[in-house]
Protein chains: 2
Amino acid sequence: MILRMSSLFVRTLRDDPADAEVQSHRFLVRAGYIRRAAPGIYTWLPLGLRVLRKIEQIIRDEMDSIGAQELLFPALLPRKPYEATNRWTEYGDGIFRLKDRKGDDYLLGPTHEEMFTLVVKDLYSSYKDLPLSIYQIQTKYRDESRPRAGLLRGREFVMKDSYSFDVDDAGLDASYLKHRDAYIRIFDRLGFSYVIVSAHSGAMGGSKSEEFLARSEIGEDTYVRCTTCDFAANVEAVQVPAPAVVAYDDAPAAHAEQTPGTPTIQTLVDHLNAEFPRADRPWAAADTLKNVLMMLAHPDGTREPLAIGVPGDREVDQKRLEAAVHPAEFQPFGEKDFAEHPALVKGYIGPGALGEKSASEIRYLVDPRVVEGTRWVTGANVDGSHVIDLVAGRDFVPDGTIEAAEVRDGDACPQCAARGDDGVLESARGIEMGHIFQLGRKFADALDLKVLDENGKLVTVTMGSYGIGPSRAVAAIAEDTLDEVGLSWPRAVSPVDVHVVAAGKDDALFTAAERIASELSTQGLDVLYDDRRGKISPGVKFKDAELIGVPTIVVVGKGLVDGVVEVKDRASGERSDVPADQVVDHVVGLVRS
Amino acid sequence: MILRMSSLFVRTLRDDPADAEVQSHRFLVRAGYIRRAAPGIYTWLPLGLRVLRKIEQIIRDEMDSIGAQELLFPALLPRKPYEATNRWTEYGDGIFRLKDRKGDDYLLGPTHEEMFTLVVKDLYSSYKDLPLSIYQIQTKYRDESRPRAGLLRGREFVMKDSYSFDVDDAGLDASYLKHRDAYIRIFDRLGFSYVIVSAHSGAMGGSKSEEFLARSEIGEDTYVRCTTCDFAANVEAVQVPAPAVVAYDDAPAAHAEQTPGTPTIQTLVDHLNAEFPRADRPWAAADTLKNVLMMLAHPDGTREPLAIGVPGDREVDQKRLEAAVHPAEFQPFGEKDFAEHPALVKGYIGPGALGEKSASEIRYLVDPRVVEGTRWVTGANVDGSHVIDLVAGRDFVPDGTIEAAEVRDGDACPQCAARGDDGVLESARGIEMGHIFQLGRKFADALDLKVLDENGKLVTVTMGSYGIGPSRAVAAIAEDTLDEVGLSWPRAVSPVDVHVVAAGKDDALFTAAERIASELSTQGLDVLYDDRRGKISPGVKFKDAELIGVPTIVVVGKGLVDGVVEVKDRASGERSDVPADQVVDHVVGLVRS
């Protein structure tokens, strides 16, 4: 198939669009792949649509290869199923809601868990029907507060979402692994740089959750990776390796000291160094144990006070804390709460008023670094007083650990630590391209999806959820592969296989270029042929070719009188002269290699 | 590719869905092709999606073959362009409107003229860029007051819409013909019964407009066709053949007569037959000329009185009148209007107070049957009085003709009349499957789409509009081809090529069926293989096969012991025994024939 620049519905632009924040967006607009229709809403011009369709087809192939079956849900959805799962309300401003002429409520589907669950409930009823994996490639809508970076965070976008349905957890594990393998094949075929990141699934541990991120400094997702091994995880999913237990036989007894006017860690450390200097080294923030109080709001409506102890040199990370307490939510510990717990002295809280050794009945969870034998300076539950040499396991026993302290560059890598290696973590940014996770029974419970098991007993189905955003992938791949002059597509997703440029004015040159384009097309390649005549100079055509970013560019130009044409590799910039009568075989070889 | 009934996401139903009004809808639900998600909104199950995609691909092929280029607009559209063309308001309740979190207005695109026009304006600027045809296959939304018959009139549905852009009318004619030819190829390939119907484009004559209708008694569109020739047209587009001029040299002079109490045609005819009997035959309604008054509201805001004269045996057809006066709209001629035109006597209006021979300056248009020399009984503009023997062309000269009288079965066919043949019209019903029409400069004017012509002068682009509904086509094809036991797809759109049924319990039979399915798949055919074991009887499998409607069914059953399998043609019901070792070649031959 030949697309001719003389008639192709495309116009390249020399200037960057005013609203473009990232380079891939600028190039996608300038090269004529997309146009903005409204904030976060784009029109796909022919070149862009070809890239999108190629990505969708790769995803479809791999979904089909694991036996997932394609169907298609509407985008305009009734309120009722989303009410059953409470998401009609939970989504807040994040979804588009509308009413039909009768006044009935609808939404534009941001995701289709409810619909998938209900259609399986409609059709299936027995364990014999399972396992099942079904998927769709469909347009979704989210009313993002700040649509960003062109296709990267749009309000109308394309998603492949699949769901697996299994009768038990072992089945879910198997379905999850099949999808994971398929995702690896998909991302390998797409031909760009990605990383698989362990993600906290939000649930109470156990269920698996991983994200596929495009490595990119413009990404909105932060994660940490090991500088030594292949470990990568969302900060929510980092499990701090517990240090070895410390011997404390020779530890001095805990002793309370006057530390007036030291409600903060820094004031405390300064006071300690001034009044109670250590012999070996100065006191540091890491020697102190900071105790943070909050109220947990549980889904059943009950409230519970919670105390968290972290080393004084670390902040509590909101996202890690949120993930750790989910499905509960945390709220501030207010004046009224303090009034109800008179043992707690603001600014001077210590384990003495907390945890299982105390009488306060406030649950006390500590950072995994607070292992048995570690010594701490912490609040004495008396205004202006701290305890020194308080030993964990001797003087207090927490109710458990919690992953809530911030993760910092240089922290030990958990995977390395488990192997006895000493890799450390560093933070990085990425673009979320795919997410696979074990959803479990949440939606099946809410919508009553049960099947009869082997014993004729009704059991709730367990589900996995697997998503990829093909429209976002267009931008992420563009971002990963572009250079300073334009786009540079991996072969698998390039709008065409080869770009033939007739560079000059002679008719002979156009005749030769036309013949080459035609023969490449006969060989089954998709060709973009720059057949423009008139005022378009070769320089303009070269610039357009670099901007459009087809991986192989054939220039039919001055060399033709010597029987050669130039073949240029867009990504490396390498050029080679190839005899004109061999160029078709040469290019077919490149594309098929 | 093999789909196995044991794992395919489908369940056939024995009972009709409660909300299904037409047979195709019942079967599409019962055979597991679609499910209703909300009124007029459907989920495509795997079998249904395969049919939809096949139809889309046939359309895409033929659009590409005429050089039309595919792009894709969003469904969520900003208000502004629709305001520029006044359609934000004109659509009334017929579209879905919504607000985003900022309060900005959006709509779900019911059609994309504005977007197509604007994207061409964005990219193109010269006559050298034209002609251009661009299209999309995309999901559209209309808030139908009464969503009907499943996919036939949905609120979320798939459309292929294309637009042509030309610099002049000759270009538009050429683009229109290319699309028309492509549409004929598309509908021929889809393999069902259709008719091309001339349609009134709404505009002031001249510009072409045709509809492609599926012949169907359940269709919502009525049209008329000739019982003799191939003429077919919407009633709005029927041009009444003017009879020959009648000699009136020997006609008596017109004479006013007292006809008290005859404000209606029937009372007038009765009075004439009683008081002024004709010698040759009784007076009939067709002898009278009925004059209807109305006010025209022109788009520029002005109002104009209009009188229409039609033979008394015919009603004025609202749709034909609407089309004839477009873009003006007609309103009743009220008491106030009568007061301003004292020459007009209600119930007794005649040409004497109308038309160019009168002083009233009311424009007077007549049915094309009112040719020179025809004699009429009509109002004398005096209460209780009519004129007899009023001769058109002698006693009154209308200002022109108008196509507003109803079209009736038995009326002369215009095409036959032009050829001197005597075919007559009959009314019929159909389902609108496609519509091609010359849109002209309406949207280009409203949105200022101009290009520089050869002389460097800005000219407004002229557009053609071409639509097909693939999702509606699924239902229309189903409706056209089904029989009493189920669906019966044409090969080109069948979800698979062949349905292999293992009918029995012996393992040998399943082994043979598996081999046949596998070899058919190796030959490139898509196979639905009913591999279900257990309680599913051969009878149930046969019924399912008939319901699902794949054109060729291979039954591997009792005959296998004699080395034969049965090949059944779903549409004709013909069965033949074929040696098991030849069945693959046999079926491949059928599918490829």
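Residues numbered from 1 in each chain as written. Chains lettered and ligands numbered in written order. Predicted model: local features only at pLDDT ≥ 70, side-chain atom pairs only at ≥ 80, totals over all residues. Heavy atoms only, no water.

Q: What am I meant to see in the overall build of chain A here?
A: Along chain A, the regular secondary structure elements total 15 helices and 30 strands. With the principal axes as the frame, chain A shows a C-alpha extent of 95 × 65 × 45 Å. Per-residue burial over chain A gives 56% buried out of 593 residues. A total of about 24,500 Å² of accessible surface is found on chain A, and carbon and sulfur atoms cover 49% of it. (Helix = DSSP H or I, 4+ residues; strand = E, 2+ residues; numbered from the N terminus. Buried < 20%, exposed > 50% of the residue type's maximum accessible area, 1.4 Å probe, protein only. Areas by Shrake-Rupley, 256 points an atom, 1.4 Å probe, with all protein chains shown as cover.)

Q: Explanation requested: the nonpolar core in the structure shown.
A: Nonpolar side chains in soluble globular proteins tend to end up buried together. Counting 78 residues, the largest nonpolar core has F9 and F165 of chain A together with F9 and F165 of chain B as its most contacted members. Those residues within four positions of F9 of chain B in sequence are excluded, and the remaining contacts are Q69, L71, V119, V120, L123, Y124, L132 and I134 of chain A together with L45 and P46 of chain B. (Core = buried A, V, L, I, M, F, W, Y, C linked by side-chain atoms within 4.5 Å. Contact = heavy atoms within 4.5 Å.)

Q: Explain the interface of chain A and chain B to me, please; I cannot follow it from the model alone.
A: In many analyses, interface size is given as the accessible surface area lost on bringing the parts together. Taken residue by residue, the interface counts 51 residues in chain A and 51 residues in chain B. When the two sides are added together, the surface that chain A and chain B hide from each other amounts to roughly 4,600 Å², 61% of it contributed by carbon and sulfur. Area buried by chain A at its contact with chain B is led by F9, R101 and L123 of chain A, which between them contribute 17% of it. For the side of chain A that touches chain B, the element with the highest residue contribution is helix α5 (residues 113-123) of chain A, accounting for 5 residues. (Buried area = accessible area lost by both parts, 1.4 Å probe.)

Q: I would appreciate a short explanation of the sheet that holds strand β5 (residues 76-78) of chain A in the present structure.
A: Strands belonging to one sheet form pairs held by backbone hydrogen bonds; the direction of such a pair is parallel or antiparallel. All names here are of chain A. Strand order in the open sheet formed by 3 strands is β5-β7-β6, and the pairing between neighbours is antiparallel. Each end of this open sheet is capped by a strand with a single partner; those strands are β5 and β6 (97-99). Strand-to-strand twist in this sheet, taken as the mean axis angle between neighbours without regard to direction, amounts to 40 degrees. Pairing of β6 with strand β7 (residues 105-108), which is carried by 3 bridges, proceeds in the antiparallel orientation. From the neighbouring strand, R97 faces β7, where its bridge partner is L107. (Pairing = 2+ DSSP bridges. Axes fitted to C-alpha atoms, helices over the stretch in contact; angles between N-to-C directions.)

Q: I would appreciate a short explanation of the pairing of strand β29 (residues 564-569) of chain A in the present structure.
A: Where a strand is regular, its side chains alternate between the two sheet faces. Residues and elements named next belong to chain A. Summarising the sheet, strand β28 (residues 552-556) and β29 pair through 4 bridges and their orientation is antiparallel. Pairing of I553 across the sheet is with K568, part of β29. When β29 meets strand β30 (residues 575-579), the two strands line up antiparallel, connected through 5 bridges. Bridging from a neighbouring strand, E566 pairs with D577 of β30.

Q: How should I be thinking about helix α2 (residues 46-65) of chain A in this particular structure?
A: Residues three or four positions apart in an α-helix share a direction because the helix packs 3.6 residues into each turn. Taking 1.5 Å of rise per residue, 20 residues should cover 28 Å, and α2 of chain A covers 28 Å from first to last C-alpha, within 8% of that figure. Of all 20 residues in α2 of chain A, 14 are buried; the element is thus mostly enclosed. (Expected span 1.5 Å × (residues − 1).)

Q: Just to check I follow, could you spell out the packing of helix α2 (residues 46-65) of chain B against helix α6 (residues 169-190) of chain B for this structure?
A: Between two packed helices, what matters for the description is the angle formed by their axes and the separation of those axes. All names here are of chain B. Relative to each other, α2 and α6 sit at 150 degrees, their axes nearing to 9 Å. Here α2 lies roughly antiparallel to α6, going by the angle between them. For the pair α2 and α6, the sense of crossing is right-handed. Only H179, A182, Y183, R185, I186, R189 and L190 of α6 make contact with α2, whose side of the interface consists of I55, I58, I59, D61, E62, M63 and S65. Counted by class, the contact of α2 with α6 contains 8 nonpolar, 2 polar and 4 charged residues. (Parallel < 35°, antiparallel > 145°, perpendicular 65-115°, else oblique. Left-handed = near helix turned anticlockwise from the far one by under 90°. Nonpolar A, V, L, I, M, F, W, Y, C, P; charged D, E, K, R; others polar.)

Q: For this particular structure, what's the right way to read the pattern of salt bridges?
A: Note on pairing: side chains with opposite charge can pair once their charged atoms come close. Taken as a whole, this structure holds 97 salt bridges over all chains when the rule is applied. For the salt bridge of D61 of chain B with R189 of chain B, the shortest nitrogen-to-oxygen distance reads 3.3 Å. Taken together, the residues D61 of chain B in helix α2 and R189 of chain B in helix α6 connect sequence positions 128 residues apart. By relative accessible area, which is 33% here, D61 of chain B ends up partly exposed. Residue class for R189 of chain B comes out partly exposed when judged on its relative accessible area of 35%. Of the charged contacts, one joins D411 of chain B and R314 of chain B as a salt bridge, the two residues approaching to 2.7 Å between their closest N and O atoms. Taken as a pair, D411 of chain B in the loop between β21 (400-401) and α10 (414-419) and R314 of chain B in the loop between β16 (303-311) and α8 (318-325) lie far apart in primary sequence, 97 residues in all. For the pair shown, D411 of chain B and R314 of chain B are each scored as buried. Each of the salt bridges in this network shares a partner with another, and the network as a whole consists of R14, D530, R532 and D544 of chain A. (Salt bridge = Lys/Arg side-chain N within 4 Å of Asp/Glu carboxyl O.)

Q: Please explain the sheet that holds strand β15 (residues 289-297) of chain A as it appears in this structure.
A: Residues and elements named next belong to chain A. The strand order β17-β15-β16-β18-β21 describes an open sheet built from 5 strands, whose pairing is mixed. Looking at strand neighbours, the two that pair on one side only are β17 (329-332) and β21 (400-401), the edges of this open sheet. In this structure, β15 lies alongside strand β16 (residues 303-311), joined through 9 bridges in antiparallel fashion. In the sheet register, L293 faces β16, and the bridge partner there is A307. Along the sheet, helix α8 (residues 318-325) makes contact with β15, β16 and β17, crossing β17 at roughly 125 degrees.

Q: Explain the relation of the copies chain A and chain B to me, please; I cannot follow it from the model alone.
A: Rotating chain A by 180 degrees about the axis while translating it 0.0 Å along that axis superimposes it on chain B, leaving an RMSD of 0.1 Å. Such values leave the two copies arranged in the relation of a two-fold axis. Of every C-alpha in chain A, the one belonging to L98 of chain A sits nearest the axis of rotation, 2.7 Å from it. The fraction of interface residues of chain A whose copies in chain B are also interface residues reaches 100%, indicating that both copies meet through the same surface. (Least-squares fit on C-alpha atoms with pLDDT ≥ 70 in both.)

Q: I'm lost on the domain arrangement of chain A in this one. Help?
A: Segmentation of chain A into domains returns domain 1 (49-76 + 109-238 + 427-478), domain 2 (255-401) and domain 3 (496-592). In this structure, domain 2 of chain A and domain 3 of chain A have C-alpha centres spaced 70 Å apart. (Domains from an automatic or database assignment.)

Q: Just checking my understanding: could you explain the packing of aromatic side chains for this structure?
A: Think of a pair of aromatic rings as described by two things: how far the centres are apart, and how the planes are tilted against each other in angle. All names here are of chain A. Overall, the coordinates contain 28 aromatic pairs over all chains when judged by the stated rule. Aromatic side chains F187 and Y194 sit 5.4 Å apart centroid to centroid with 40 degrees between the ring planes, which places their arrangement in the tilted category. We classify F187 as buried; its relative accessible area is 1%. Relative accessible area serves as the criterion here: at 16%, Y194 is assigned to the buried category. The structure contains a cluster of three or more aromatic residues connected by ring pairs, namely Y183, F187, F192, Y194 and F212. Above the ring of W88, the side-chain terminus of R97 is found at 5.1 Å from the ring centroid. (Phe/Tyr/Trp six-rings, centres within 6.5 Å; stacked < 30°, edge-to-face > 60°. Lys NZ or Arg CZ within 6 Å of the ring centre and 35° of its normal.)

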